[in-house]
Amino acid sequence: MKVLIDHISKIYRDRRGESTEALRDIHFSMEEKEFVVVVGPSGCGKSTLLNIIAGLLSSTSGQVIFEGPQTDSKPHTAVVFQDFALFPWRTVLKNIVYGLEERGIKWQEQLEIARRYIALVGLQGFENKYPHQLSGGMKQRVSIARALANDPMLLLMDEPFSALDAQTRTLMQYELSRIWEETHKSLLYITHNIQEAVFLGDRVVVLSRRPGRILDIIKIELPRPRSEALTLERRYLEYVDAIWAHIKKQAKDAMEEIG
Amino acid sequence: MRREIDPLRVEKAIVQDKTHFLQMKEHPWLSLISFIAILLFWEWVSRMAWVPPLFLPAPSSILSEGWIMVKTGIIFKHILASLNRILWGFVIACSLGILVGILIGFFSIPEAVGNPIIAATFPIPKIAILPLLILWLGIGESSKVAVIALGVFFPMVINVYTGVKNVDPLLIKAALSLGSNRTRIIRKVILPSILPMIFAGMKLGIGIALLLVVAAEMVAADAGIGFMILTTADLMQTQKLMVGLIILSLLGIFFNWLFQKLERLFIPWKQ
């Protein structure tokens, strides 16, 4: 399964007819089992791009194409949102089986699948807790398990760890790296955090500030599985530096524009 | 015009908690004691015959009158008559209110059609519609049930509509991305999201239902608490009238308690 992001542009129009160009001609493709990170300064249209790929927003021009064998039962995408988006009236287990319910899978099988992903993200013992009883990091684990359980062709993550504190965030990056090594899902990951992008991605797509354009696509040739030790290595830091060089001016301009 | 410099003193200054007064003290017994005290004072005033019992009967005499009404069973006839009307009106109003509220909240055409109608009819005091309802439906049960239903319908429909409008769009997106279609979203996202608003509507509604059942029974009825209050006042049986008021108070408290329990039962994800 190859995913082609084919010359996507997005222009928002508000009620007074004023338009804002969010994305300009975004074009790249993703290979099967590839981990692609889109990184860019705030307000560069990263989330817009993710929503278009998820089918939650229409593009002004261009399209998203999934190339390869298709089935009706397997969804194209599943999204892990920054603010978790867990259903507060459902327990951890019921949240995770939501997509399976919608696909009409039998309860027994739902339960088996859910157990597998609960174990994968390390939530054993919390199956019957409600989201409000969980910490932020655990909520995001539920959200990841919910998306993975639905077995999408492409997993989308929209700044999934931005709502977490810095320490939890770092731990969750290691966790995600481990989970990805076990599942090898095609994954498109949105972030503004360059270290995170380099640590996680096979390739990093660097976006400019608004309107978001592709500044560069950098292949991260660091060995996998990646662990904490990697973050001290010179090659890792060189990648971080290279991307920061791209983004620095963009981020500065964006900051002055907003501030 | 330079301000004089505050000379430095060498002392010890201990920092005080400035928010101290915000911490309200709890007085667990005071509520009960003051309640009893007021009752005793009332009893005393009546016993001293400063106020004729026709205007203000003693609590003890109200209580014994109430006991007699319980023993003869007459009180239950009135309570059941009123409760029956409240129940029907309430059930009809809640089901219609939830249905219409979701329709106008979620679909654009019902919203365009329904909103002005609701905006125009909502401000009319429902008691004012009672004569028209009696004209249409007769003086039997249906006009009373209808006026209660009308009164409860509006807070319910407005609450549900507001609830639907305030459903977290992120949850809808999440459901869509997990494969829900529009009807599934109403059942699995909208409905649980608005449950708290439905309960708020029910709590508002039950107060209105009590008000309207009494009003409707005062206009035309042969049983019910409103009927009982009106006839006992005509016959200057103030004790019985007071019994009616106490029953209304108890009913209000009971419904409040009931909805609180139901809310806990149906919304376990909110402590």
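In the block above lies the structure referred to throughout.
The structure reproduced in this document is the subject of the present report.

The next subject is the overall build of chain A. Along chain A, the regular secondary structure elements total eight helices and nine strands. For 259 residues, the compact-globule estimate of 2.2 N^0.38 gives 18 Å, and chain A sits close to it at 18 Å. If one aligns the C-alpha atoms of chain A with their principal axes, the spans along those axes are about 50 × 45 × 40 Å. Among the 259 residues that make up chain A, the fraction classed as buried is 53%.

So, on to the sheet that holds strand β2 (residues 19–30) of chain A. Residue and element names in this part refer to chain A. Pairing is antiparallel in the open sheet, where three strands are placed in the order β2-β1-β4. The sheet is open, and its two borders are formed by β2 and β4 (61–67), each paired with just one other strand. Pairwise comparison of adjacent strand axes, ignoring direction, gives a mean angle of 15° for this sheet. Judged from the six bridges that link them, strand β1 (residues 2–13) and β4 form a sheet pairing that is antiparallel. Note that in β4 the partner of S9 across the bridge is S61. Contacts between helix α1 (residues 46–53) and the sheet are confined to β1, β2 and β4, with β1 contributing the most and set at about 120° to the helix.

Another point: the sheet that holds strand β6 (residues 154–158) of chain A. Residue and element names in this part refer to chain A. What the six strands build is an open sheet, ordered β5-β6-β7-β3-β8-β9; its pairing is mixed. Of all strands in the sheet, those with a lone pairing partner are β5 (77–80) and β9 (214–219), marking the two edges. For this sheet, the mean angle separating the axes of adjacent strands, direction not counted, is 15°. Sheet topology note: the strand β8 (residues 203–207)/β9 ladder contains five bridges and is antiparallel.

A word on the environment of V45 of chain B. By the secondary structure assignment, V45 of chain B is in helix α1 (residues 30–47). Discounting chain neighbours no more than four positions away, the residues touching V45 of chain B are W50 and V51 of chain B.

The next subject is the interface of chain B and chain A. Between chain B and chain A, the contact holds 18 residues from the first and 21 residues from the second. Both sides together, the interface formed by chain B and chain A hides about 1800 Å², and carbon and sulfur atoms give 65% of it. Residues E102 of chain A and K188 of chain B are paired through a salt bridge, measuring 2.5 Å at the closest nitrogen-oxygen approach. In this assembly, chain B and chain A are joined by eight residue pairs in polar contact (both at pLDDT 80 or more). Every element with two or more residues in the side of chain B that touches chain A is listed here: α7 (169–177) and α8 (182–219) of chain B. Per-element tally for the side of chain B that touches chain A: the top contributor is α7 of chain B, with seven residues. In terms of residue class, the side of chain B that touches chain A is made up of 10 nonpolar, five polar and three charged.

What counts, and at which threshold
Residues numbered from 1 in each chain as written. Chains lettered and ligands numbered in written order. Predicted model: local features only at pLDDT ≥ 70, side-chain atom pairs only at ≥ 80, totals over all residues. Heavy atoms only, no water. Helix = DSSP H or I, 4+ residues; strand = E, 2+ residues; numbered from the N terminus. Rg over C-alpha atoms; globule rule 2.2 N^0.38 Å. Buried < 20%, exposed > 50% of the residue type's maximum accessible area, 1.4 Å probe, protein only. Pairing = 2+ DSSP bridges. Axes fitted to C-alpha atoms, helices over the stretch in contact; angles between N-to-C directions. Contact = heavy atoms within 4.5 Å. Buried area = accessible area lost by both parts, 1.4 Å probe. Salt bridge = Lys/Arg side-chain N within 4 Å of Asp/Glu carboxyl O. Polar contact = N/O pair within 3.5 Å; in protein donor to acceptor, adjacent residues only side chain to side chain. Nonpolar A, V, L, I, M, F, W, Y, C, P; charged D, E, K, R; others polar.

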